[in-house]
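Fold and contact review
Below are the chains, spelled out letter by letter.
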Amino acid sequence: MRPDPPPPHPDRGQPAPPSAPVGITMGCPVGIGPEIILKYLHSTAAKPAAPPVIIGDAAVLAATGTALGLSLPLHLWHPGEPTVPDRLNLLGVSHLDPTTLIPGRPTQETGTAMAVAIDTGISLCLAGHLAALVTCPISKAALNLAGYRFPGHTEMLAARTGAKQVAMMLAGDRLRVVLATIHCPFREVASLLNQPALVDLVRLTDRALRTDFGLRAPRIGVAGLNPHGGEDAMFGREEIDIIAPAVQQCRELGLDISGPHPPDTIFYQAAAGRFDVVVCMYHDQGLIPFKLLHFADGVNVTLGLPIVRTSVDHGTAYDIAGRGSADFRSLQSAVTCAVRCAANRHGGNRSGTEPTQL
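Residues numbered from 1 in each chain as written. Predicted model: local features only at pLDDT ≥ 70, side-chain atom pairs only at ≥ 80, totals over all residues. Heavy atoms only, no water.

1. Considering the environment of glutamate 231
Within the fold, glutamate 231 resides in the loop between strand E8 (219–223) and helix H8 (238–252). Along the backbone, glutamate 231 and proline 137 are 94 residues apart, and their C-alpha atoms lie at a distance of 40 Å. (Helix = DSSP H or I, 4+ residues; strand = E, 2+ residues; numbered from the N terminus.)

2. Some points on the confidence of the model for the protein
When pLDDT is averaged across the protein, the result is 91; 92% of the residues are at 70 or more. Within the model, pLDDT remains below 50 along residues 1–11, and this stretch shows 24 contacts once partners closer than five positions in the same chain are excluded. Throughout residues 349–357 the model reports pLDDT below 50, and contacts reaching past four residues in sequence, or to other chains, amount to 22 contacts. (pLDDT = per-residue confidence, 0-100. Contact = heavy atoms within 4.5 Å.)

3. A word on the sheet that holds strand E9 (residues 256–261)
Pairing is mixed in the open sheet, where 12 strands are placed in the order E3-E4-E2-E1-E5-E12-E11-E6-E7-E10-E8-E9. Edge strands, defined here as strands with exactly one partner in the open sheet, are strand E3 (74–76) and E9. Ignoring strand direction, the axes of neighbouring strands in this sheet form an average angle of 30 degrees. In the sheet, strand E1 (residues 22–25) pairs with strand E5 (residues 132–135) via four bridges, with the strands oriented parallel. By the bridge assignment for E5, threonine 25 is matched with threonine 135. (Pairing = 2+ DSSP bridges. Axes fitted to C-alpha atoms, helices over the stretch in contact; angles between N-to-C directions.)

4. Side note on the packing of helix H9 (residues 263–271) against helix H10 (residues 283–294)
Direction vectors running N to C along H9 and H10 enclose 40 degrees, while the axes themselves pass 11 Å from each other. On the basis of their axis angle, the class for H9 and H10 is oblique. Between H9 and H10 lies a crossing whose hand is right-handed. Judged by residue contacts, Pro263, Phe267 and Ala271 of H9 engage Gln285, Gly286, Pro289 and Leu293 from H10. Class assignment for the residues of the contact of H9 with H10 results in five nonpolar, two polar and no charged. (Parallel < 35°, antiparallel > 145°, perpendicular 65-115°, else oblique. Left-handed = near helix turned anticlockwise from the far one by under 90°. Nonpolar A, V, L, I, M, F, W, Y, C, P; charged D, E, K, R; others polar.)

5. Looking at the pattern of salt bridges
By the definition in use, this model includes seven salt bridges. Among the ionic pairs, aspartate 206 bridges to arginine 210, the shortest N-O distance being 2.7 Å. Pair noted here: aspartate 206 and arginine 210 are both in helix H7 (residues 195–211), with a separation of four residues, about one helical turn. On the basis of relative accessibility, which here comes to 7%, the residue aspartate 206 falls in the buried class. Close ionic contact of arginine 345 with aspartate 212 constitutes a salt bridge, the shortest N to O distance being 2.8 Å. Highlighted residues: arginine 345 in helix H11 (residues 329–345) and aspartate 212 in the loop between H7 and E8, separated in sequence by 133 residues. Exposure remark for arginine 345: the relative accessible area of 23% places this residue in the partly exposed category. Taking relative accessible area as the criterion, aspartate 212 reaches 7% and is therefore assigned buried. (Salt bridge = Lys/Arg side-chain N within 4 Å of Asp/Glu carboxyl O. Buried < 20%, exposed > 50% of the residue type's maximum accessible area, 1.4 Å probe, protein only.)

6. Overview of the packing of aromatic side chains
Counting across every chain of the model gives one aromatic pair. A ring pair is formed by phenylalanine 186 and tyrosine 282, whose centres lie 5.1 Å apart and whose planes are at 80 degrees; its orientation type is edge-to-face. Here the residue phenylalanine 186 occupies a position in the loop between strand E7 (176–179) and helix H6 (189–192), and tyrosine 282 occupies one in the loop between strand E10 (277–280) and H10, the gap between them amounting to 96 residues. (Phe/Tyr/Trp six-rings, centres within 6.5 Å; stacked < 30°, edge-to-face > 60°.)

7. Focus on the nonpolar core
Counting 95 residues, the largest nonpolar core has Ile24, Met169, Phe213, Met281 and Leu331 as its most contacted members. In terms of nonpolar packing, the next biggest core, distinct from the first, is built from 14 residues, Leu170, Leu175, Phe267 and Leu287 among them. (Core = buried A, V, L, I, M, F, W, Y, C linked by side-chain atoms within 4.5 Å.)

Structure representation (structure tokens):
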């Protein structure tokens, strides 16, 4: 097993120069990450002024390109150098043999490769060589098989950067959601909710919307937990005992916040433009409406990091890996969002009057 995580990088988020590229980690080598990267690079979609740096495996990308009929000349990028247009700008961090890999079947070797790519991307962002990090999907099982004791990207990013509080936001041009609880059994949700944690989450969300998304006064809606918002405690007291006091405390701090709103109406109101974000009490409460609207183009944003990190909002899709049918639009949106957030964070949108699209 790998040792415990090293101490946080000494450079906790050095500002990247305006010309610094975005880094894209390849994700699981036997998932759809290599495929969506190549499809994105070959697409006519708008791309950053500086071509992105792919952090991954040259042989895997070459084999994927051959299988898809998509080839790009390779440029081996080194930190501090500019990227080259119309090239696959690659920072190679592994040396896998594609002939031994089976699509959809991760191994300890593929798990190590994807973990090293993430570690490398984090270090380059912290040192200012990359403006932001965009991550393709990984296998949590393979991550642990390789000896990395993290349940996923978010926890690994938090540990490596020394972030004390992080949160998951799913962002699209019609809806943004932030989750109070994430990967836990539904029966445990109510016991995990408390007023101080909700207040901290709302304050973190407000700061991120101002700093990274360029919103001067974010409008925050908070969903209730129970049907009809508890119906005056007929269906539960969480709204009265926990959520409403947290909302009131945030309002006293000067935040533009309201709730708890009935969960069956707040997402319609948010999609119609009433709220800039909805704070949700549990995973599926937020992700079901979000994916209904943004299944193909949603973005996962980690709040609270000293670096900008976005990701696709889907998994490794092992069931379709190697078939050439993966959709790259979530990756396209993740790169666009990362570029805008990095520009806002480092002063590219100082007015705060124009909200970004994601």
